[in-house]
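Read off the chains here:
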Amino acid sequence: MANIRFMPIGGQDERGKNIFALEVDQDLFIFDAGIKFPDKGILGVDVVIPKLDFLKNNVKRIKGIFITNPASYNSGAISYILKEIDVPVYCNEITTVVLKIKAQRLRVKNKEQNFHIIKEHDILEFGKVKVEVFRTTSSSPQSCGFAVHTENGVIVYAGDYIIDGKEQSYFSTDFTHLNEISNKGVLALIADTEFASRMDFTVPNHKIENYIASPFKEKKTKIAIGIFEEDIFKLGEICMAAKENGRKIAVYGRTMSAIIESNMINENLVLTKDDLFSVEEYMNSENGILIISGTGDVLYSKLAKIANGNDEVVEFKEKDLIILATPPAAGVEKRHAQILDELARTDARLIALSDKNIWSMHASYEDVKMLVSIMKPKYFVPVKALYKDFLKAEKAAIEGGVHPENVGIIDNGEILVLSKNHLAISQERVETGDVYVDGVGIGDVGSVVLNERKQLATDGVIIVGATIDTRNKELVSLIDTQMRGVLYINEDNPIFKILQKQIAEIIKKGESLFREAPEQYDLNNIKREIISKVRSSIKQESGKQPIVLAIINEIDGKEYVPYIRNTRNVTNYQNKKTNYQKKSSFKKPKQN
């Protein structure tokens, strides 16, 4: 009998960052590898990826990463993973196109050979284990589910799916194939339950055709429509509506441009070169369609740039219509509300579809129940959802035929043991966590950095600069104090003069220490004392606790010529010679 364990590395009790490991004896099969968007309180972070220590420590046991569709929540971490380890990635044609573009964008080189295109009914053999590919209905065409054939039975990872018996295209589910897999005996069904709290079938609430039909019939009206780049199903609806109304289509987004030019999409939508034109041609047309796409905040940034008149090509004009056809994704709800306000300020008309109008293409309550009844699994494991959705999915699975004790709800890092007789949660755990990505840097942003960013945002920063003589540690320059986000001050402000005096006294004390015991002198201690004194003074004055940076340069005083900015400072330097100024170290020769 095979030893089978299921381990969520991300995606449990959170929105996004989906990545799951299935261990069959010593072999590891990784399903999906996504990102999530940071909470609004996390400053300066672009995306959050799962902690990759488990993958790096077990890379020799990994047989492959199996991606269901190109949505960022399921595939966005692939480029970051390939930077760290070398593993094969199995996905369909569209997903391969998207992931290669993202790999280029993140400067991941020489990894093209890692991608292996798979199709429905493909069977991949890994020793005693076989992985069978089946097709599901989601926002991307030919989305994949995977059936892992083991000695104990079939483990089905359904990924994203909805139940739509009427769909007859590259987006349709092969229910005959699902029945064939079911007849082989499904030990466990691992399925997306993100929206199990919606008490219905997702179909037909996922379609936008009824909302765009009337606007597309308007004459002499250019339409700009914003969608996430993974919303390829919506892309198909937009293209069909455009063709029916004799409108040409332009695409503003590198990834979506590559998708619409792919053979699969062209064949499915029957698009020709006459149906497409450039963004520049759209601007000069009377009734063109512009599809603006991006992932997460990227889409909103593009729309904001255009709305503020900062885009070099696209401009929203009075007779234009803007349709934001995608409800907000998890993690960017605030940004979604902000962009609606910015778009409303333009001269163009605005139509925004909310999640009350359009449901994302994920399983609802009845979809979960239907899939369970089709697959007839012994065990049901809900994934990709918050805990409240797990409870709804558990109820749906029980109504679909699963015994209550056979539903396995687990958290990230927990290990679920799947035997023929029972489910059990192991006492072992897998190391999991969040890794913050800032630009192309992975893991450079830790808790200390995030706390400092919050502090900068609320209390500001003070930068203190001074120069001392390396020979005797005497102050040989003016003390420069710069503030941002703390107080508005000028050189005549009392707090400014107090800080200057305090800093000069600290440096003077260090100078005395250096003369008496040079071995005890430490410039870092001087900096720390300056930082503490400045923060204490500012807190008393304003109640704020800013970040303080102390920069003290050491130079050879013999070659130092004071830098003086203006006439007033010249007078101060020559006449007043205050405590925080240094007299010249050169002595004039006596006059005879």
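Residues numbered from 1 in each chain as written. Predicted model: local features only at pLDDT ≥ 70, side-chain atom pairs only at ≥ 80, totals over all residues. Heavy atoms only, no water.

What exactly am I supposed to notice about the nonpolar core here?
Generally speaking, soluble globular proteins have nonpolar side chains that are buried together. Core analysis: the largest hydrophobic core is formed by 60 residues, its most contacted members being Leu 55, Ile 78, Ile 81 and Phe 316. Element by element, the count of residues in this core is highest for helix 11 (residues 297-307), at six residues. Beyond its immediate stretch of four places on either side in the chain, Ile 78 contacts Ala 33, Ile 65, Ile 67, Val 89, Leu 99 and Phe 115. By size, the runner-up hydrophobic cluster in this structure holds 33 residues, among which are Leu 235, Ile 259, Leu 269 and Ile 323. (Core = buried A, V, L, I, M, F, W, Y, C linked by side-chain atoms within 4.5 Å. Buried < 20%, exposed > 50% of the residue type's maximum accessible area, 1.4 Å probe, protein only. Helix = DSSP H or I, 4+ residues; strand = E, 2+ residues; numbered from the N terminus. Contact = heavy atoms within 4.5 Å.)

Hey, could you run me through the sheet that holds strand 19 (residues 414-418) in this one?
Strand-to-strand pairing in sheets goes through backbone hydrogen bonds, with the strands running parallel or antiparallel. If you trace the eight strands from one edge of the open sheet to the other, you get 7-6-5-3-2-1-19-20, paired in mixed fashion. Both outer strands of the open sheet, strand 7 (115-117) and strand 20 (423-429), are each paired with one neighbouring strand and no more. Averaged over neighbouring strand pairs, the angle between their axes works out to 25 degrees when direction is ignored. Bridge count between strand 1 (residues 4-10) and strand 19: two bridges; the pairing is antiparallel. Its bridge partner being in strand 19, Arg 5 is matched across the sheet by Val 417. The sheet strands contacting helix 4 (residues 93-105) are strand 6 (89-91) and strand 7, and the helix crosses strand 7 at an angle near 155 degrees. (Pairing = 2+ DSSP bridges. Axes fitted to C-alpha atoms, helices over the stretch in contact; angles between N-to-C directions.)

So what exactly am I meant to see when it comes to the sheet that holds strand 25 (residues 547-555) here?
Taken together, the three strands give an open sheet; going across it, the order is 24-23-25, and neighbouring strands pair in mixed fashion. Two strands close off the open sheet at either side, each with one partner strand: strand 24 (480-484) and strand 25. Neighbouring strand axes in the sheet, compared pairwise and without regard to direction, differ in orientation by 15 degrees on average. The sheet contact formed by strand 23 (residues 461-469) and strand 25 spans nine bridges and is parallel. In the sheet register, Thr 467 faces strand 25, and the bridge partner there is Asn 553. Its contacts with the sheet place helix 16 (residues 494-516) against strand 23 and strand 24, and it is angled at close to 130 degrees to strand 24. Sitting on the sheet, helix 17 (residues 523-542) touches strand 23, strand 24 and strand 25, and the angle it makes with strand 25 is about 145 degrees.

Would you mind showing me how to read the pairing of strand 19 here?
It is a general feature of regular strands that their side chains alternate between the two faces of the sheet. Of the strand pairs in this sheet, strand 19 and strand 20 are connected by four bridges, and their pairing is antiparallel. From the neighbouring strand, Leu 416 faces strand 20, where its bridge partner is Ile 425. Hairpin remark: strand 19 followed by strand 20, antiparallel, with four residues in the connecting loop.

Keep in mind that these numbers describe shape and distance, not what the molecule does.
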